[in-house]
Amino acid sequence: MMVQGDQGWGQQWVRGRACLGALLLAVASGCYTGLDDGRLGQDTESGGSVDGDGDGDGDSGDDGVAAQCAEQGGPSVGVSGMRLLTGYEYDNTVRELLGDDTQPSLAFPPENQTTAFENNYLDHRASKDLVRVYMDVAEDVAARAVSERLVAVLPCDPLAIGETECGHAFVERHLPRAFRRPIEPAERASFVALFDEAHAQHGFSEAVSLVIQASLQSPQFLYRVELVPDDAMPGDVLPVTGYEMASRLSYFLTASMPDPELLAAAAEGGLATRDEVEAQARRLLDSDGGRGAIREFHRQWLDLSGLTSVSKDPAMFAGLPPTVGDDWRQSVERFAEHVFFDGGGTVDDLLSSELAFLPPALSAWYEVSEVDPETGAAILTGDRAGLLTQPGLLALLAYPNQSSPVARGVFVRERMLCQHLPPPPNDIQIEPPDPDPNATTRERFAQHTEDPSCAGCHSLIDPLGFGFEHYDAIGRWRTEENGLPVDASGSLEAIEDAEQSGAYDGAVELAQRLSASTDFSDCVTHQWATFALGREPTEDDLCAMEEIRQTLADADGDLRELLVAITTSDAFRFRTVEGGGQ
């Protein structure tokens, strides 16, 4: 952005920075008596279900919902707003745009979150602090681009065709890539004027740097803008444009800007049909960016970033490698990537595979029975059940010196079943019982269900958490604790799929019940849809979500088919106008 007037270039740029910041900010502008089921159409407490018959069978494609959707006159989708790039998306975008792989978003404050995901448009918004960091980071990225990669950044040789002509050519190439669409004449004129004035006063390299800085601070770059036609009315349901679809696909499936093939398809009108969208979705899933996006989804869904600050009792676990937190996080992400691309790729595989991916320094802490030298996949001793028994996840859901049945039980309720648990009363002091060499963890935590003030809450949590008692504070298998036999029995209750409710013994049996239930597959669907849409599905998305669930069921739980189904759904291909003329 260039500010017109008689001020010198330096004063204009300072004022321009302030205007950019203002513009970004303007854009942003009891105990448990039951469970709030976060999945669309679900109501655990009342026994209702998305199929509408109240029988708790959770069957997808029920006649009632199907009939309702068949009578629908056209697409119905929830309202979505402009989405600010997350730090991970920002890093990927500047890497593709300018070759900068320094992860500049490490300087950003954490994203605000009310769901598992960082990209929810209602939560992740610009603040004054973030805008200031955007300015500083843009200057650093631009400086590196000019000092280290100028030849690669430019589309021309300024010595051959002249600095002015080359600078204008850079604007012509850079802006459409940065804004992820063709640029408007006014946008081109502003950036050309910025280049010309900076070039006249500070030279070619500084002028290019200023163009990069301004573009990286523009709302058109930082937000995924989807403009509303002037004649649109609130409530209108419109198909997204080709360029908007290119961005939706690329940021969902690669967490980065559209690649040349996507932009070319958008320019040619090649993203208008389901078949065209599906073809591009499958291509992106098979890319390196697709693998990265799968890992990123699981980092957020499973809250793996928390492993960065996890600490363990040095008296009990002396000698753990200093990189243990990152090693655990990467091991869980590698497991998820393996399931999607190299394993069976199904919902069931998420909770059944025995594999773990641990670096040598960390695997020495676990008894390993087999290791694949090509992939690094290891089979650990003891019973293992996919995600639920990954050492990194179990270490995250534990105290420094003991396991945590509560943390593990809450995790299953909220992340695996999409049930929202209200916070405990303010007058409850939350502290784990002190370790007792004469008792097991289960015995020490028994107070939760014996104390009337706690029983209502923990009767829903502890029977799930106790199933993990065969795993200690770092996820190692154990059959005894303090010389006493481990009791890992529990029960799975308060779910829609009544056939899978009931008692179990150990995490493997729990995982088997979960993977066989519609509750878990519906929750996985809900989590992926929330991640893809940048918002939680609403009642307006009911038919789209039902179609996605049915596709997953018909594909025998194939996770890749789930992602493709999301991209071809009405919820992904259309948008509802919240206000006309924006």
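Thresholds, definitions, all that
Residues numbered from 1 in each chain as written. Predicted model: local features only at pLDDT ≥ 70, side-chain atom pairs only at ≥ 80, totals over all residues. Heavy atoms only, no water. Pairing = 2+ DSSP bridges. Helix = DSSP H or I, 4+ residues; strand = E, 2+ residues; numbered from the N terminus. Patch = residues over 30% accessible without salt bridge, like charges linked within 9 Å, V, L, I, M, F, W, Y side chains within 5 Å. Areas by Shrake-Rupley, 256 points an atom, 1.4 Å probe, with all protein chains shown as cover. Salt bridge = Lys/Arg side-chain N within 4 Å of Asp/Glu carboxyl O. Disulfide = S-S within 2.5 Å. Buried < 20%, exposed > 50% of the residue type's maximum accessible area, 1.4 Å probe, protein only. Polar contact = N/O pair within 3.5 Å; in protein donor to acceptor, adjacent residues only side chain to side chain. Phe/Tyr/Trp six-rings, centres within 6.5 Å; stacked < 30°, edge-to-face > 60°. Expected span 1.5 Å × (residues − 1). Axes fitted to C-alpha atoms, helices over the stretch in contact; angles between N-to-C directions. Parallel < 35°, antiparallel > 145°, perpendicular 65-115°, else oblique. Contact = heavy atoms within 4.5 Å. Nonpolar A, V, L, I, M, F, W, Y, C, P; charged D, E, K, R; others polar.

A.B. asks: Explain the pairing of strand β6 (residues 368-371) to me, please; I cannot follow it from the model alone.
C.D. replies: Along any regular strand, the residues point their side chains to alternate faces of the sheet. Sheet topology places β6 next to strand β7 (residues 377-380); 3 bridges connect them, and they run antiparallel. Along β7, the bridge assignment pairs Val371 with Ala378. If you look at the hairpin formed by β6 and β7, you'll find 5 residues sitting between the two strands, and Gly376 has a positive phi there, around 80°.

A.B. asks: Looking at this structure, how should I read a nonpolar patch on the surface?
C.D. replies: Taken together, Met82, Val225 and Leu227 make up a surface patch of nonpolar side chains, about 240 Å² in accessible area. Residue placement: Met82 occurs in the loop between α2 (63-70) and β2 (83-84).

A.B. asks: Please clarify how the state of the cysteines should be interpreted in this entry.
C.D. replies: Formally, a disulfide is one covalent bond, and it connects the sulfur atom of one cysteine to the sulfur atom of another. Counted according to the given criterion, the structure contains 3 disulfides. One disulfide in the model links Cys156 with Cys166; its S-S distance is 2.0 Å. Here the S-S torsion is close to 100°, and the disulfide linking Cys156 with Cys166 is therefore right-handed. One end of the pair, Cys156, is in the loop between α4 (128-153) and α5 (158-161); the other, Cys166, is in helix α6 (residues 163-179), and 10 residues separate them in sequence. With respect to class, Cys156 is no different from Cys166; both count as buried. Across the disulfide from Cys418 sits Cys523; the S-S distance is 2.1 Å. One disulfide, between Cys418 and Cys523, carries an S-S torsion of 85° and so falls in the right-handed class. You can see Cys418 sitting in the loop between α18 (405-416) and β8 (419-420) and its partner Cys523 sitting in helix α23 (residues 518-533), a full 105 residues away along the chain. Taking relative accessible area as the criterion, Cys418 reaches 2% and is therefore assigned buried.

A.B. asks: What am I meant to see in helix α25 (residues 559-567) here?
C.D. replies: Spacing of three or four residues puts side chains on the same side of an α-helix, whose turn is 3.6 residues. Taking burial as the measure, the 9 residues of α25 include 7 buried ones, the bulk of the element. Of the positions making up α25, those classed as buried are Leu559, Leu562, Leu563, Val564, Ala565, Ile566 and Thr567. Regarding α25, its N-cap is Asp558, as a side-chain oxygen of that residue lies 2.9 Å from the backbone nitrogen of Arg560 further along.

A.B. asks: Would you mind going over the packing of aromatic side chains with me for this structure?
C.D. replies: Here a ring pair, both rings aromatic, is described through the centre-centre distance and the interplanar angle of the planes. With the rule as written, the count across this model stands at 19 aromatic pairs. Judged by centre distance (6.3 Å) and plane angle (15°), the rings of Tyr90 and Tyr134 are stacked. Note that Tyr90 is positioned in helix α3 (residues 87-98) and Tyr134 in helix α4, a separation of 44 residues in sequence. Summarising the burial analysis for this pair, Tyr90 and Tyr134 share the class buried. Considering the side-chain rings of Phe117 and Phe531, the 5.4 Å spacing of their centres and the 55° angle between planes classify their relative orientation as tilted. Placement of Phe117 in the loop between α3 and α4 and of Phe531 in helix α23 is noted, with a sequence separation of 414 residues between them. Pair check on accessibility: Phe117 and Phe531 agree, each one buried.

A.B. asks: Quick question: what am I supposed to make of the environment of Asp541 here?
C.D. replies: For Asp541, the location among the structural elements is in the loop between α23 and α24 (542-554). Along the sequence, Asp541 and Val77 sit 464 residues apart, while their C-alpha atoms lie 4.8 Å from each other.

A.B. asks: What is the right way to look at helix α13 (residues 288-301) in this model?
C.D. replies: Spanning 14 residues, α13 covers 20 Å between terminal C-alpha atoms, matching the ideal 20 Å at 1.5 Å per step. Judged by how many residues are buried, α13 sits mostly within the fold: 10 of 14 residues are covered. Within α13, the full set of buried residues consists of Gly290, Gly292, Ala293, Ile294, Glu296, Phe297, His298, Arg299, Gln300 and Trp301. Directly beyond the C-terminal end of α13, a positive phi value near 60° is found at Asp303.

A.B. asks: I tried to follow the packing of helix α14 (residues 324-341) against α25 on my own but got confused; where do I start?
C.D. replies: The description of two helices packed together rests on the angle between their axes and the distance between the axes. For the pair α14 and α25, the least separation of the axes is 8 Å and the interaxial angle reads 85°. In terms of orientation, α14 and α25 fall into the roughly perpendicular class. Contacts from Val339, Phe340 and Phe341 of α14 reach α25 at Leu559, Arg560 and Leu563. Among the residues making up the contact of α14 with α25, the classes are represented as 5 nonpolar, no polar and 1 charged.

A.B. asks: Would you mind going over the side chain of Asn119 with me for this structure?
C.D. replies: With respect to the helices and strands, Asn119 occurs in the loop between α3 and α4. Using a relative accessible area of 6% as the deciding quantity, one classes Asn119 as buried. Looking at Asn119, its side chain comes within polar contact range of the main-chain oxygen of Phe531, at 2.9 Å. Here Asn119 is in contact with Arg83, Thr86, Gln300, Thr530, Phe531 and Gly534, once residues within four sequence places are set aside.

A.B. asks: What is the right way to read the sheet that holds β7 from this model?
C.D. replies: Strand pairing in a sheet takes place through backbone hydrogen bonds and is either antiparallel or parallel in direction. Overall, antiparallel pairing links the 3 strands, which are arranged β5-β7-β6 in an open sheet. Edge strands, defined here as strands with exactly one partner in the open sheet, are β5 (355-357) and β6. On average, each strand axis in the sheet is tilted by 40° relative to the strand beside it, whichever way the strands run.

A.B. asks: Could you clarify how one ought to interpret the pattern of salt bridges in this entry?
C.D. replies: Oppositely charged side chains are able to pair whenever their charged atoms sit close together. Going through the model one piece at a time under the given rule, you end up with 31 salt bridges. A salt bridge links Arg299 to Glu296, with the shortest nitrogen-to-oxygen separation between them at 2.5 Å. A residue pair is termed a helical-turn pair when its members lie 3 or 4 positions apart in one helix, as Arg299 and Glu296 do in helix α13 at 3 residues. Each member of the pair Arg299 and Glu296 is classed as buried. Here Arg478 ties to Glu469 by a salt bridge, and the two come within 3.1 Å at their closest N and O atoms. One exposure class covers both Arg478 and Glu469, and it is buried. When salt bridges with common partners are traced through the structure, they connect Arg291, Arg295, Asp326, Arg329, Glu333, Glu337 and Asp342 into a single cluster.

It is worth stressing that arrangement in space is one thing and function is another; only the former is reported here.
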